[in-house]
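What follows is the residue order along each chain.
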Amino acid sequence: MSEQGVKPERLRINEIFHSLQGEADCVGFPTVFVRLTGCPLRCQYCDTEYAFHAGDWLDLEAILEKVRSFGASYVCVTGGEPLAQPNCLKLLARLCDAGYQVSLETSGALDVAAVDARIDVKTPASNEASRNRIENFQHLTARDQLKFVICSREDYDWSKAFLQEHHLGERCRILFSPSYNQLSPTLLAEWILADRLPVRFQMQLHKILWGDVPGK
Ligand code: SF4
């Protein structure tokens, strides 16, 4: 508690780093990533397990100052699952107020009603498909992006059916990405073309440039 008895607005931060945005619409732009600690899910392909527990408590001012130090226009709030910390919404608002182009990467397992987001739909091979929050889809608009990480042909067929069942392509932009080192990108590209599927194929730029290295 501060001297005035007011609890500071803090978040547990795993890392803040400067890199190129590797996915979605802002791919390639220099971006500051704010990775929040913690996630209630355990996807089998998770590449940020180091963010489940480790991190330091920082107040919003300290986070803003660190972000500012990199001099970038784009900020991506990620995790873990950033929405697991309620103060994430305050951080998003402060970043937007400061004039940054802000994106949020979330698993889709928590309520996104209050934010514009890039949401991961969990496929069966993630082992967390039961955590997809179907209610979230009603909040999607053209500003949002849904990403499917595809691990296998079964995942691809499931994702295609899921898109059609929930009419997701009419609501927002859809990204299909091959799971790193699990599915051939070429194979996924060929399936999309063969099916005339109106989705955007994407590979994670940071994985191509740096491999599976934290902080990149
Ligand atoms: S939701 Fe994201 S951070 Fe959490 S386990 Fe799944 S891939 Fe990892």
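Going by the structure above, here's the rest.
What you are looking at is a predicted structure, and each value in this text was computed from that prediction instead of being measured. (Residues numbered from 1 in each chain as written. Predicted model: local features only at pLDDT ≥ 70, side-chain atom pairs only at ≥ 80, totals over all residues. Heavy atoms only, no water.)

**Q** What exactly am I supposed to notice about the packing of aromatic side chains here?
**A** Here the distance between the centres and the angle between the planes together describe a pair of aromatic rings. Evaluation of the coordinates by the stated rule reveals eight aromatic pairs. An angle of 70° between the planes, with centres 6.2 Å apart, marks the rings of Phe148 and Phe162 as edge-to-face. Within this pair, whereas Phe148 is found in strand S7 (residues 145–150), its partner Phe162 is found in helix H3 (residues 153–166), the two being separated by 14 residues in sequence. Residue classification places Phe162 among the buried residues on the basis of a relative accessible area of 8%. For the pair Trp158 and Phe162, a centre-to-centre distance of 4.7 Å together with 25° between the ring planes defines the contact as stacked. In this pair, Trp158 and Phe162 are both assigned in helix H3, four residues apart and thus about one turn of the helix distant. (Phe/Tyr/Trp six-rings, centres within 6.5 Å; stacked < 30°, edge-to-face > 60°. Helix = DSSP H or I, 4+ residues; strand = E, 2+ residues; numbered from the N terminus. Buried < 20%, exposed > 50% of the residue type's maximum accessible area, 1.4 Å probe, protein only.)

**Q** Would you mind going over the side chain of Lys122 with me for this structure?
**A** Position of Lys122 among the secondary structure elements: in the loop between strand S6 (118–121) and S7. Beyond its immediate stretch of four places on either side in the chain, Lys122 contacts Leu41, Cys43, Tyr45, Ser107, Glu128, Ala129, Asn132 and Trp158. (Contact = heavy atoms within 4.5 Å.)

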